[in-house]
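Inside the fold
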Amino acid sequence: MAFSVSDHHYLPPGTRSVKIVVLGAFGVGKTTYVGTVSEMRPLRTEERLTRAGQLVDDVRADGKSTTTVAIDFGRRTFDGGIAVYLFGAPGQPRFAEMIRSLMRGALGGLVLVDTRSVDQSYESIGLLEEADLPYVVAVNTFPGAPGYPEDVLRDALSLPDDRPLVFIDARTLRSAKHALIALVADILHPARSAAR
Ligand SMILES: Nc1nc2c(ncn2[C@@H]2O[C@H](COP(=O)(O)OP(=O)(O)OP(=O)(O)O)[C@@H](O)[C@H]2O)c(=O)[nH]1
Ligand SMILES: [Mg+2]
């Protein structure tokens, strides 16, 4: 099934809505991702990182000064009448209960992965598996991060064969929407629709 992304800024009558969640560990680029793909100004809930937070959060010295404390929210419409509502979550494991609430009504999830912290992605994948939601893994490529072939990453993440894995740059629309299209195609896959 082929999809393209449109530039609509309003929703024509008959548009179908799809809620998806954007998950991933602390600092993997979730807020950046939602901001890149959203056709409207995204809602962000960022707070400054503090010295006290360094005791509990794995703050890397890469210039990151804020963190999401509630949600990121954005929207992208696809030609063919599908509006995807993106809900980005905070990355810290202590927000798991909030993420479970955020997943209510969602039809799928995107898990962003940084190859410097692959092991911190299990939590997000686990939450989506627990909720029995389809998901796509998007490896967000940071400069200086180790590059691994797809099979090695799949192995490291214990990713089932039917779960798509794509490589993206969350800062670039062309690249970022590649992951969204993979997820929407998976959600709308005839076999999955038949099971609903
Ligand atoms: N090079 C590169 N940098 C990125 C990319 N995506 C995000 N960044 C940078 O990485 C930092 C963290 O990005 P955020 O979007 O805040 O990450 P997050 O997952 O929302 O972080 P939390 O909400 O704190 O969990 C920011 O400084 C971004 O500019 C990417 O694809 N490539
Ligand atoms: Mg964020």
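What this report covers is the structure whose coordinates are included nearby. Because the structure is predicted, anything quoted here is derived from the model rather than measured.

Concerning the overall build of the protein
Per the secondary structure count, the protein includes 6 helices and 8 strands. Residues classed as buried in the protein amount to 49% of the 196 residues present. Relative to all contacts within the protein whose residues are 6 or more apart in sequence, the contacts with residues 24 or more apart total 74%. Total accessible area on the protein is roughly 9,700 Å²; 53% of this is exposed by carbon and sulfur atoms.

As for the coordination of the magnesium ion (ligand 2)
On the protein side, the magnesium ion (ligand 2) has Thr 31 (OG1) and Thr 68 (OG1) as donor atoms, found 2.0 to 2.1 Å from it. Taken together, the residues span a long stretch of sequence, with Thr 31 in helix α1 (residues 30-37) and Thr 68 in strand β3 (residues 66-68) at a distance of 37 residues.

What to know about the nonpolar core
Of all hydrophobic cores here, the largest spans 27 residues; its most connected members are Ile 20, Tyr 33, Val 84, Leu 86, Ile 168 and Leu 180. Listed by contribution, the elements that provide at least two residues to this core are β1 (16-24), α1, β5 (82-88), β6 (108-113), β7 (135-140), β8 (165-168) and α5 (173-187). If one sorts the elements of this core by residue count, α5 sits on top with 7 residues. For Ile 168, the residues in contact, after removing those within four places along its chain, are Tyr 33, Leu 112, Ala 138, Val 139, Asn 140, Thr 141, Ser 175 and Ala 179. Formed by 26 residues, the second largest nonpolar core is a distinct cluster that contains Ala 106, Val 118, Leu 128 and Leu 133.

A few points about the sheet that holds strand β4 (residues 72-78)
With mixed pairing, 6 strands are arranged side by side in an open sheet as β4-β5-β1-β6-β7-β8. In this open sheet, the two strands that pair with only one neighbour each are β4 and β8. Between one strand axis and the next, the sheet turns through 25° on average, direction left out of account. Here β7 runs beside β8; their pairing, made up of 4 bridges, is parallel. Across the sheet, residue Asn 140 finds its bridge partner in β8, namely Ile 168.

Considering unusual backbone geometry
Phi angles above zero are rare outside glycine, and Asp 132 is one such case at about 60°. Here Asp 132 is to be found in the loop between α3 (122-130) and β7. You can call Asp 132 exposed: its relative accessible area is 70%. Of note in the backbone geometry, Ser 158 takes a positive phi value of approximately 50° without being a glycine. Looking at the element boundaries, Ser 158 is found in the loop between α4 (150-157) and β8. Relative accessible area serves as the criterion here: at 60%, Ser 158 is assigned to the exposed category.

Some details on the layout of surface pockets
By volume, the largest pocket is sized at about 450 Å³. In this structure, the largest pocket is lined by 24 residues; those nearest its centre are Gly 27, Val 28, Gly 29, Thr 32 and Lys 64. Only α1 and β3 provide two or more residues apiece to the lining of the largest pocket.

Digging into the pattern of salt bridges
Pairing between side chains of opposite charge can happen when the charged atoms of each approach one another. For the structure on display, the rule yields 8 salt bridges. With its nearest N and O atoms 2.9 Å apart, the salt bridge here joins Asp 186 to Arg 163. Taken as a pair, Asp 186 in helix α5 and Arg 163 in the loop between α4 and β8 lie far apart in primary sequence, 23 residues in all. Comparing Asp 186 with Arg 163 shows no difference in burial state: the two are buried.

Definitions and limits used
- Residues numbered from 1 in each chain as written.
- Chains lettered and ligands numbered in written order.
- Predicted model: local features only at pLDDT ≥ 70, side-chain atom pairs only at ≥ 80, totals over all residues.
- Heavy atoms only, no water.
- Helix = DSSP H or I, 4+ residues; strand = E, 2+ residues; numbered from the N terminus.
- Buried < 20%, exposed > 50% of the residue type's maximum accessible area, 1.4 Å probe, protein only.
- Contact = heavy atoms within 4.5 Å.
- Areas by Shrake-Rupley, 256 points an atom, 1.4 Å probe, with all protein chains shown as cover.
- Donors = N, O, S within 2.8 Å, 3.2 Å for Na, K, Ca; no water.
- Core = buried A, V, L, I, M, F, W, Y, C linked by side-chain atoms within 4.5 Å.
- Pairing = 2+ DSSP bridges.
- Axes fitted to C-alpha atoms, helices over the stretch in contact; angles between N-to-C directions.
- 1 Å grid on protein atoms, 1.4 Å probe; cavity = no way out; pocket = protein on both sides within 12 Å on 5 of 7 lines; lining within 4 Å.
- Points joined across faces, edges and corners; volume = space filled by probe spheres on them.
- Salt bridge = Lys/Arg side-chain N within 4 Å of Asp/Glu carboxyl O.

Interpretation in functional terms is not warranted from these geometric data alone.
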